[in-house]
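Here's the letter readout for the chains.
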Amino acid sequence: KTGVPRQRKDSQTNHSRQLRYALIAYFQILEIGEILGVSREDCDEAVRLFKRFADLTPTLQKGSVETLATAALVMALRNAGRSRDLDDFRDACDIPSRDILQGIKQIQQAFERPHTSITMGDKAAAAAAAAAQPEWCKFAATGAR
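Thresholds applied
Residues numbered from 1 in each chain as written. Predicted model: local features only at pLDDT ≥ 70, side-chain atom pairs only at ≥ 80, totals over all residues. Heavy atoms only, no water. Core = buried A, V, L, I, M, F, W, Y, C linked by side-chain atoms within 4.5 Å. Buried < 20%, exposed > 50% of the residue type's maximum accessible area, 1.4 Å probe, protein only. Helix = DSSP H or I, 4+ residues; strand = E, 2+ residues; numbered from the N terminus. Contact = heavy atoms within 4.5 Å. pLDDT = per-residue confidence, 0-100. Arc of directions from axis to C-beta. Patch = residues over 30% accessible without salt bridge, like charges linked within 9 Å, V, L, I, M, F, W, Y side chains within 5 Å. Areas by Shrake-Rupley, 256 points an atom, 1.4 Å probe, with all protein chains shown as cover. Salt bridge = Lys/Arg side-chain N within 4 Å of Asp/Glu carboxyl O. Polar contact = N/O pair within 3.5 Å; in protein donor to acceptor, adjacent residues only side chain to side chain. Phe/Tyr/Trp six-rings, centres within 6.5 Å; stacked < 30°, edge-to-face > 60°.

Trainee: Go over the nonpolar core, please, and point to the residues and values.
Mentor: Counting residues in each nonpolar core, the largest one holds 37 residues, and the members touching the most others are Phe50, Leu73, Phe89 and Ile107. Those elements that provide at least two residues to this core are helix H1 (6-36), helix H2 (40-56), helix H3 (65-79), helix H4 (86-93) and helix H5 (97-112). Here this core gets 10 residues from one element, more than from any other, and that element is H3. Those residues in contact with Phe50 that lie beyond four places of it in its chain are Tyr21, Ala22, Ala25, Leu60, Val65, Leu68, Ala69 and Ala72.

Trainee: So what's going on with the confidence of the model for the protein? Which residues, and what values?
Mentor: Confidence along the protein averages 78 in pLDDT terms, with 67% of residues attaining 70 or more. Within the protein, helix H6 (residues 120-141) has the poorest average pLDDT of any element, 50, and H3 the best, 95. Between residues 132-145, whose pLDDT stays under 50, and residues either more than four places distant or in other chains, the model counts 25 contacts.

Trainee: Let's hear about H4: which residues, and what values?
Mentor: Every α-helix carries 3.6 residues per turn, so stepping three or four residues along brings you back to the same face. Within the span of H4, buried status applies to Leu86, Phe89, Arg90, Ala92 and Cys93. Taken around the axis of H4, the buried residues stretch over an arc of 165 degrees, which confines them to a single face. Phi for Asp94, located one or two positions after H4, is positive at around 60 degrees.

Trainee: Let's hear about unusual backbone geometry: which residues, and what values?
Mentor: Its identity as a non-glycine residue notwithstanding, Asp94 has a phi of 60 degrees, on the positive side. Relative to the assigned elements, Asp94 resides in the loop between H4 and H5.

Trainee: Describe a nonpolar patch on the surface, with residues and values.
Mentor: A surface patch of nonpolar side chains, amounting to about 310 Å² of accessible area, comprises Leu19, Leu23 and Phe27. Residue placement: Phe27 occurs in helix H1.

Trainee: Quick rundown of the pattern of salt bridges? Include the residues and the values.
Mentor: If charged atoms from side chains of opposite charge come close, those side chains can pair. In total, this model carries seven salt bridges according to the counting rule given. The shortest N-O distance in the salt bridge between Asp44 and Arg40 comes to 3.1 Å. On the criterion of helical spacing, the pair formed by Asp44 and Arg40 is a turn pair, its members being four residues apart in helix H2. With relative accessibility at 26%, the residue Asp44 sits in the partly exposed group.

Trainee: Account for the side chain of Thr70, naming residues and giving values.
Mentor: Along the polypeptide, Thr70 turns up in helix H3. Of the polar contacts made by the side chain of Thr70, one reaches the side chain of Gln28; its length is 3.2 Å. The contact partners of Thr70, leaving out residues within four places of it in the chain, are Gln28, Ile32, Phe89, Cys93, Ile95 and Ile100.

Trainee: Quick one: what's the story with the packing of aromatic side chains, residue by residue and with numbers?
Mentor: Applying the stated criterion across every chain, the model contains two aromatic pairs. Summarising the aromatic geometry, the rings of Tyr26 and Phe27 are spaced 5.1 Å apart at their centres and angled 75 degrees between planes, so their arrangement reads as edge-to-face. According to the relative accessible area criterion, Tyr26 is partly exposed, its value standing at 24%. Here Phe27 falls in the exposed class, since its relative accessible area comes to 52%. Look at Phe50 and Phe53: their rings are 6.4 Å apart centre to centre, the planes differ by 55 degrees, and that puts the pair in the tilted class. Taken together, the residues Phe50 and Phe53, both in helix H2 and three residues apart, mark about one turn of the helix. Assessed through its relative accessible area of 1%, Phe50 is described here as buried. Looking at Phe53, the relative accessible area reads 2%, which means it is buried.

What follows is the structure in structure tokens.
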């Protein structure tokens, strides 16, 4: 036994997992950004958006991190007025467009849920995501892959 209380150890494990997921997302965003010629500022904004989302979502799963990171990049570009076609992202990372759309919806839903510690940045991200939602729905309606 290490003498560390069980709750603290679980908390440390969760923190380590969240950190690992943030790193995976960071490199996913940078890789896709480089492939698509996205500016570093937009990539940094996507990383911040992913981190805010991850902070609001304690149950991230390893398999979905890349998809959610890609969705955060899509959202950051759209929020900055530099949107790209979902097929560009699909081709750059080999994640189906429908999965990217699902990731976008997950991020939107996380920001729409009431949270006691929501910040102004989170509110701005949620407002921007909500404003762009009809555009994303058009992708879904046209049979995004």
